[in-house]
Amino acid sequence: MSHVTPSFFSWQRLAGSRRLFLLCLLLFAVSAMFSFWIFFPADVLQRRLLQEVSRQTGLEMRGRNAGMLFPMGLELDLSVYPNIPELNDFELTGLQVSPVWSSLFSSNQRVNLAGALADGKIDVDAGKSGHLNLKFKDISLIALQQPDMPYRVSGQLTGQLDGENISEEMNGRGSFSLHLRDAQVLGLEKIGLPSNFSVGALRLEGKFDQRRLSFEKAVLTGGVLELSGGGNILTGETPKQTRLNLNVRLHSTPTTPDNLRDLLNLTGIRPTADGSYLLRIGGSLAKPVIR
């Protein structure tokens, strides 16, 4: 018995020492992680991140209010300058940038960005291989447009874009879907139409491949006109270089103003047997041709 008791207590002390060592190791790891999280220079990370994104996209942007996210990530407010006269600067607030953890040990590391834009939400999942998944919800179109534009479109835009092999020049292939609700065209009183021209709800579905946009489904309902159609757009560097090849069928509704019917007749296009108007739109985005 005298030989058993010291051995028992020795094992007990050893086990206690191991537990104490593991506890100290855990506390050290946690404290090191918190120290990294609290004292890491978020402004430096923000600057490097924006430099890389600007280099790849050619967009000018400025970040502010940077802070680290636990356990790994960055939060900031971001201004993006699209350099398009008709558009306001894009203000993304509470933008959170973090790695997609499941991709860290794969050949296609991905990053997730989520934030608020124009009274709505935006979420981006982008991969090293050129994968891109973009989702946005309830984006206010009127907030993105310059207030002094002669004609503006209002409404809330929701949609999704899935792309593959997206290059630095934003070429690639994929699909998209868009839903614009409560849409109105503002400024049409200059041509004798109602000042708040109700468009209703627009749904667009299609694909893109390099510079070609293919609209497989376009449906407009609930406004002063109904629309259906499809076609292709070959995008260029400027509106003059962007070519149109669209087929659009317009249907009047009980709320269609008489002066709008008169404008349609002035185009020289006559209604078909069911009363609809078939428009073939060609030319360039800067100077479309309707026939």
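For the structure itself, consult the block above.
Residues numbered from 1 in each chain as written. Predicted model: local features only at pLDDT ≥ 70, side-chain atom pairs only at ≥ 80, totals over all residues. Heavy atoms only, no water.

Novice: What exactly am I supposed to notice about the overall build of the protein here?
Specialist: For the protein, the count of helices and strands is 4 helices and 14 strands. Counting over 291 residues, the protein shows a buried share of 30%. Sequence separation of 24 or more characterises 38% of the internal contacts of the protein that already satisfy a separation of 6 or more. For the protein, the accessible surface area stands at approximately 18,400 Å², while carbon and sulfur atoms represent 60% of it. (Helix = DSSP H or I, 4+ residues; strand = E, 2+ residues; numbered from the N terminus. Buried < 20%, exposed > 50% of the residue type's maximum accessible area, 1.4 Å probe, protein only. Contact = heavy atoms within 4.5 Å. Areas by Shrake-Rupley, 256 points an atom, 1.4 Å probe, with all protein chains shown as cover.)

Novice: Is there a simple way to think about the environment of Ile 84 in this case?
Specialist: Mapped onto the elements, Ile 84 comes out in the loop between β2 (74–81) and β3 (90–99). A relative accessible area of 38% means that Ile 84 is categorised as partly exposed. In sequence terms Ile 84 and Gln 146 are 62 residues apart; their C-alpha atoms lie 9.9 Å from each other.

Novice: Just to check I follow, could you spell out the side chain of Thr 253 for this structure?
Specialist: Along the chain, the position of Thr 253 falls in the loop between β12 (243–252) and α4 (258–266). Among the polar contacts listed, one links the side chain of Thr 253 to the backbone oxygen of Gly 223, at a separation of 3.5 Å. Of the polar contacts made by the side chain of Thr 253, one reaches the backbone oxygen of Val 224; its length is 3.1 Å. If we ignore the near neighbours within four places in the chain, the residues touching Thr 253 are Gly 223, Val 224, Leu 225, Glu 226 and Arg 261. (Polar contact = N/O pair within 3.5 Å; in protein donor to acceptor, adjacent residues only side chain to side chain.)

Novice: How should the pairing of strand β4 (residues 110–117) be read in this particular structure?
Specialist: It is a general feature of regular strands that their side chains alternate between the two faces of the sheet. Looking at chain direction, β3 and β4 are connected through 6 bridges and run antiparallel. Residue Leu 92 lies in a different strand from β4, and its bridge partner there is Leu 117. Where β4 folds back onto strand β5 (residues 120–127) in an antiparallel hairpin, the turn is made up of 2 residues, including Ala 118, whose phi is positive at roughly 50°. (Pairing = 2+ DSSP bridges.)

Everything listed here is a matter of coordinates, which is why it stays silent on function.
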